[in-house]
Amino acid sequence: MLRDITIGQYLARDTAVHRLDPRTKIISTMLFMVLLFLVPHLAGYAFLGSFAAAVVILAGIPPRMLLRSIRSLAFILTLTFLLQLFMTPGEPLFALGPLVATREGFTMGAFMISRLTLLIVMTSLLTLTTSPIALTDGLEYLLRPFRRFGLPAHELAMMMTIALRFIPTLLEEADKIMKAQMARGADFRSGNLLRRARSLIPLLVPLFVSAFRRADELALAMEARCYRGGEGRTRMKQLAFAPRDGIAFTTVAAMFLGVLFLRVWS
Amino acid sequence: MDASGSPSGGGRVPPPERPSEVRVEPLICLEQVTHCYDADRRDQPALDAVDLEVADGEFVAIVGANGSGKSTLAKHLNALLLPTEGEVRVAGLDTRDPATVWEVRRMVGMVFQNPDNQIVATVVEEDVAFGPENLGVESAAIRTRVKEALAMVGMTEFHSRAPHLLSGGQKQRVAIAGILAMRPRCLVLDEATSMLDPSGRDEVLNTVRRLNRDEGLTVVHITHFMEEAATADRVVVMDRGRIIAHGTPRTVFAQARRLERIGLDVPPITALAGILAAAGLPVRPDLLAVEEVVDALCPS
């Protein structure tokens, strides 16, 4: 049952969006996130929303997958909306006991919901259309300039790669340990939360012990294969920008300028 | 009797004799190597004054019971462990020299026991590329090396698979490809077959034998399966940190009693030959293959 968990939600397709350089996608997503906080009125959100919808269609992502990630954050979305609605001072709309909803609050709430929803949609799009390996590679490239401030870009990327590599292995092992403990009478499924949390100890202790042993052996194997950090290391797959990356950047930049223009104008 | 076949108690193990050649420096040379994991307990070394030479192109099997020091020995061959006393030279380079340690590790590649704990990347070809990437090989050249290495172990069609979906034997072949991509001179298998099922073991061993025969790759195979040692050029038997016997598989396995005393078995067919010989049948007790026993019993 633990095998059903999938980490990252990459959806392998062969579309223009999937083929974009991971760096393009990461930078564009970040720019889009900034845009979300610059847009002055709801019409702007409609514009950004239609852009997001266009990308979703282009990437061939079933909308229900996005709805699922929005739904998982529905609670936070509702809470934010209600807080904005009742806490913003202004022209009263209606009262609920001591709480007064305001027109300004409603507008602010709508703003926040649009922002957060688009935020979720765009970040999900990034992980849905970019394989974890490509994402890691892209991050390593983008973080490289920060190395001179002491950021271990290569090490972080290597850690992510190894984590991705070992997630399925450790899940499989957890499954095995769980079955072994269940065969000896361990009960993982009944009791209250505390009881269930405590029943995980016989699962987690062996899992951690084995993870440390694996780490030790992997380190030895990496050393035997001449690994000595990122210095002087080359890569087989080198990231390369293609014309489509130029198109993507131009589109995002045009949107950015447009929104800035709108903002200065109004 | 074969000159290299005389068993001796811890003396120098010569490479097989090549009468037509002038004596060349062996690829790997261990001289009086002693290793203590714990500096306070020098009375119990994991390796005790071991002398060993491995010639270029040889297939050497090192056998021994658990704790006999065979894995410690293996880790000395590529400077993962350094001798407490004595000296290890690989192609003339001292493994204690920090300046050449990476060259030593490039020349002597190692495949470990657990297939899962030596694969670094999430895609087969990326993992094979890991070694050459570390060596700073140029991108296009890495691609050719990866392609060649995967072809040599017969894993070409799996190049874009996720390693955790492969079988144990396939994972070990990927690990071997990862070593081959570094263009090594020697492949050390540190009990690389011990966690595999019989078909996985065959898969890996056939690959390694072919590499030894066709590519001239030197192989040091550490194992506790005696059948696997039977096909090597030379068998080295270890017990409590010492080499207690060495020679061709035939001469080593003929000493069934001695091997049993240190907790090792001879290959089953050799054991059978021994029993038949003891029962007075016309079978020599040093046979290694089923066919040899068949020929001895039913001469055509």
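Residues numbered from 1 in each chain as written. Chains lettered and ligands numbered in written order. Predicted model: local features only at pLDDT ≥ 70, side-chain atom pairs only at ≥ 80, totals over all residues. Heavy atoms only, no water.

**Focus: the overall build of chain B**
So, point 1. The helix and strand inventory of chain B stands at 11 helices and 10 strands.
So, point 2. Over its C-alpha atoms chain B spans a radius of gyration of 20 Å, differing by no more than 12% from the 19 Å that the globule rule assigns to 300 residues.
So, point 3. If one aligns the C-alpha atoms of chain B with their principal axes, the spans along those axes are about 65 × 50 × 40 Å.
So, point 4. The buried share among the 300 residues of chain B stands at 56%. (Helix = DSSP H or I, 4+ residues; strand = E, 2+ residues; numbered from the N terminus. Rg over C-alpha atoms; globule rule 2.2 N^0.38 Å. Buried < 20%, exposed > 50% of the residue type's maximum accessible area, 1.4 Å probe, protein only.)

**With respect to the overall build of chain A**
So, point 1. In terms of helices and strands, chain A carries 11 helices and 2 strands.
So, point 2. Taken against the 2.2 N^0.38 rule, which gives 18 Å for 266 residues, the C-alpha radius of gyration of chain A at 24 Å runs more than 25% over that of a compact globule.
So, point 3. When its C-alpha atoms are laid out on the principal axes, chain A stretches across 65 × 55 × 40 Å.
So, point 4. Within the span of chain A, comprising 266 residues, buried residues form 38% of the whole.
So, point 5. Sequence-distant contacts, at least 24 apart, represent 72% of the contacts inside chain A between residues at least 6 apart.
So, point 6. Per element, the accessible surface of chain A, about 15600 Å² overall, is 70% carbon and sulfur.
So, point 7. Each charge class in chain A was averaged separately, 30 positive and 17 negative side chains, and the resulting centres sit 4 Å apart. (Contact = heavy atoms within 4.5 Å. Areas by Shrake-Rupley, 256 points an atom, 1.4 Å probe, with all protein chains shown as cover. Lys, Arg positive; Asp, Glu negative; His and termini not counted. Charge placed at Lys NZ, Arg CZ, Asp CG, Glu CD.)

**Describing the pattern of salt bridges**
So, point 1. Evaluated as defined, the whole model comprises 35 salt bridges over all chains.
So, point 2. D94 of chain B is the salt-bridge partner of R96 of chain B, the closest N and O atoms lying 3.1 Å from each other.
So, point 3. Judged by its relative accessible area of 38%, R96 of chain B falls in the partly exposed class.
So, point 4. Among the salt bridges present, the one from E228 of chain B reaches R201 of chain B, with a minimum N-O distance of 3.0 Å. With a gap of 27 residues between them, E228 of chain B in helix α7 (residues 226–229) and R201 of chain B in helix α6 (residues 198–214) connect regions that are remote in the sequence. Both residues of the pair, E228 of chain B and R201 of chain B, count as buried.
So, point 5. A cluster of three or more residues bridged by salt bridges with shared partners is formed by D137, E140, R233, R235 and K237 of chain A together with E125, E126 and E133 of chain B. (Salt bridge = Lys/Arg side-chain N within 4 Å of Asp/Glu carboxyl O.)

**Overview of helix α8 (residues 153–183) of chain A**
All names here are of chain A.
So, point 1. For α8, which comprises 31 residues, the first-to-last C-alpha distance of 44 Å matches the rise-based estimate of 45 Å (1.5 Å per residue) to within 8%.
So, point 2. The sharpest bend along α8 comes to roughly 35°, located at F166, with the proline P168 sitting one to four residues further on.
So, point 3. Of the residues one or two after α8, G185 is the one with positive phi, at around 95°. (Expected span 1.5 Å × (residues − 1). Bend = angle between axes of the 7 residues up to and from the residue.)

**Notes on the side chain of E125 of chain B**
So, point 1. If you trace the backbone, E125 of chain B turns up in helix α3 (residues 124–135).
So, point 2. We classify E125 of chain B as buried; its relative accessible area is 14%.

**A few points about the sheet that holds strand β5 (residues 93–94) of chain B**
Sheet strands associate in pairs through backbone hydrogen bonding, adopting either a parallel or an antiparallel arrangement.
All names here are of chain B.
So, point 1. Across the sheet, which stays open at both edges, the 4 strands sit in the order β2-β1-β4-β5 with antiparallel pairing between neighbours. Sheet topology places β2 (47–54) and β5 at the edges, where each strand pairs with a single neighbour.
So, point 2. Direction of pairing for strand β1 (residues 28–35) relative to strand β4 (residues 85–90): antiparallel, over a ladder of 5 bridges. When the sheet's bridge partners are listed, E31 is paired in β4 with E87. (Pairing = 2+ DSSP bridges.)

**Here we look at the confidence of the model for chain A**
So, point 1. Taken residue by residue, chain A gives an average pLDDT of 87. The fraction at 70 or more is 96%.
So, point 2. Note on residues 1–7 of chain A: pLDDT is under 50 here. Beyond four places in sequence and across chains, it has 11 contacts. (pLDDT = per-residue confidence, 0-100.)

**Focus on the domain arrangement of chain A**
So, point 1. Each assigned domain of chain A is listed here: domain 1 (10–130 + 239–265) and domain 2 (153–224).
So, point 2. Inter-centroid distance (C-alpha atoms) of domain 1 of chain A to domain 2 of chain A is 36 Å. (Domains from an automatic or database assignment.)

**Let's talk about the interface of chain A and chain B**
So, point 1. In this assembly, 28 residues from chain A lie in contact with 38 residues from chain B.
So, point 2. In this assembly, chain A packs against chain B so that about 3200 Å² is buried in total across both faces, 55% of it on carbon and sulfur atoms.
So, point 3. It is R165, R225 and M236 of chain A in chain A that bury the most area against chain B; as a group they hold 29% of the surface buried on that side.
So, point 4. Summed over the shared surface of chain A and chain B, the result is 8 salt bridges.
So, point 5. At the junction of chain A and chain B, the tally comes to 16 residue pairs in polar contact (both at pLDDT 80 or more). (Buried area = accessible area lost by both parts, 1.4 Å probe. Polar contact = N/O pair within 3.5 Å; in protein donor to acceptor, adjacent residues only side chain to side chain.)

**Observations regarding the sheet that holds strand β6 (residues 108–111) of chain B**
Residue and element names in this part refer to chain B.
So, point 1. A sheet is described by the order of its strands in space; here 6 strands give the open sequence β6-β7-β8-β3-β9-β10, paired in mixed fashion. Either end of the sheet is taken by a strand with one partner, and the two such strands are β6 and β10 (242–247). Looking at each pair of strands side by side, their axes are set apart by 20° on average, direction ignored.
So, point 2. Where strand β9 (residues 234–239) meets β10, 5 bridges bridge the pair, whose relative direction is antiparallel. Across the sheet, the residue bridging to M238 is I243, located in β10.
So, point 3. With respect to the sheet, helix α5 (residues 168–180) is in contact with β6 and β7 (186–190), its orientation differing from that of β6 by roughly 165°.
So, point 4. The strands touched by α6 within the sheet are β3 (59–64), β7 and β8 (218–223), with β8 carrying the most contacts at an inclination of about 150°. (Axes fitted to C-alpha atoms, helices over the stretch in contact; angles between N-to-C directions.)

**A word on a nonpolar patch on the surface**
So, point 1. Taken together, the side chains of L73, F75, I76, L79, L83 and M87 of chain A define a hydrophobic patch exposed on the protein surface, amounting to about 610 Å² of accessible area.
So, point 2. The topology assignment puts F75 of chain A in helix α5 (residues 74–87). (Patch = residues over 30% accessible without salt bridge, like charges linked within 9 Å, V, L, I, M, F, W, Y side chains within 5 Å.)

**Looking at the packing of helix α7 (residues 132–143) of chain A against α8 of chain A**
Residue and element names in this part refer to chain A.
So, point 1. As a packed pair, α7 and α8 sit with axes 8 Å apart at the nearest point and diverge in direction by 170°. Regarding the angle of α7 to α8, the classification is roughly antiparallel. Counted together, P132, I133, T136, L139, E140 and L143 of α7 and A153, H154, L156, A157, M160, T161 and L164 of α8 form the full contact between these two elements. (Parallel < 35°, antiparallel > 145°, perpendicular 65-115°, else oblique.)

**Details of helix α4 (residues 139–152) of chain B**
Residues and elements named next belong to chain B.
So, point 1. Here α4 spans 20 Å end to end across 14 residues, near enough to the 20 Å set by a 1.5 Å rise per residue.
So, point 2. If you check which residues of α4 are buried, you get S139, I142, R145, V146, A149 and L150. One side of α4 holds all its buried residues, which, seen down the axis, span an arc of 125°.
So, point 3. Trailing α4 by a residue or two, G154 shows a phi angle of about 70°, which is positive. (Arc of directions from axis to C-beta.)

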